[in-house]
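Structural overview for review
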Amino acid sequence: MSEQEGTTFVQWRERAQNEVADDRPQTRMLMIVAAAVVVAGIVIGSIVLMLS
């Protein structure tokens, strides 16, 4: 699949941000918290793998 056929990550991210901005503030906060949890999990997992 080429980039012309599907949406690129940047387009998807912009569309998601626009939808969240139009939505309720709780939803925006939930998405921010979810992203923070995912990033924290990746960082902690990387540290655990490096130490083991």
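Remember, predicted model here, so these are calculated numbers, not experimental data. (Residues numbered from 1 in each chain as written. Predicted model: local features only at pLDDT ≥ 70, side-chain atom pairs only at ≥ 80, totals over all residues. Heavy atoms only, no water.)

Looking only at helices and strands, the protein chain has two helices and zero strands in total. Residues classed as buried in the protein chain amount to 6% of the 52 residues present. Accessible surface computed for the protein chain: about 4900 Å², of which carbon and sulfur atoms make up 66%. (Helix = DSSP H or I, 4+ residues; strand = E, 2+ residues; numbered from the N terminus. Buried < 20%, exposed > 50% of the residue type's maximum accessible area, 1.4 Å probe, protein only. Areas by Shrake-Rupley, 256 points an atom, 1.4 Å probe, with all protein chains shown as cover.)

Once that is clear, we can look at a nonpolar patch on the surface. A cluster of nonpolar side chains, namely V39, V43, I47, M50 and L51, defines an oily patch on the protein surface of about 540 Å² accessible area. Inspection of the secondary structure puts M50 in helix α2 (residues 25-51). (Patch = residues over 30% accessible without salt bridge, like charges linked within 9 Å, V, L, I, M, F, W, Y side chains within 5 Å. Salt bridge = Lys/Arg side-chain N within 4 Å of Asp/Glu carboxyl O.)

Everything listed here is a matter of geometry and, on its own, says nothing about what the molecule does.
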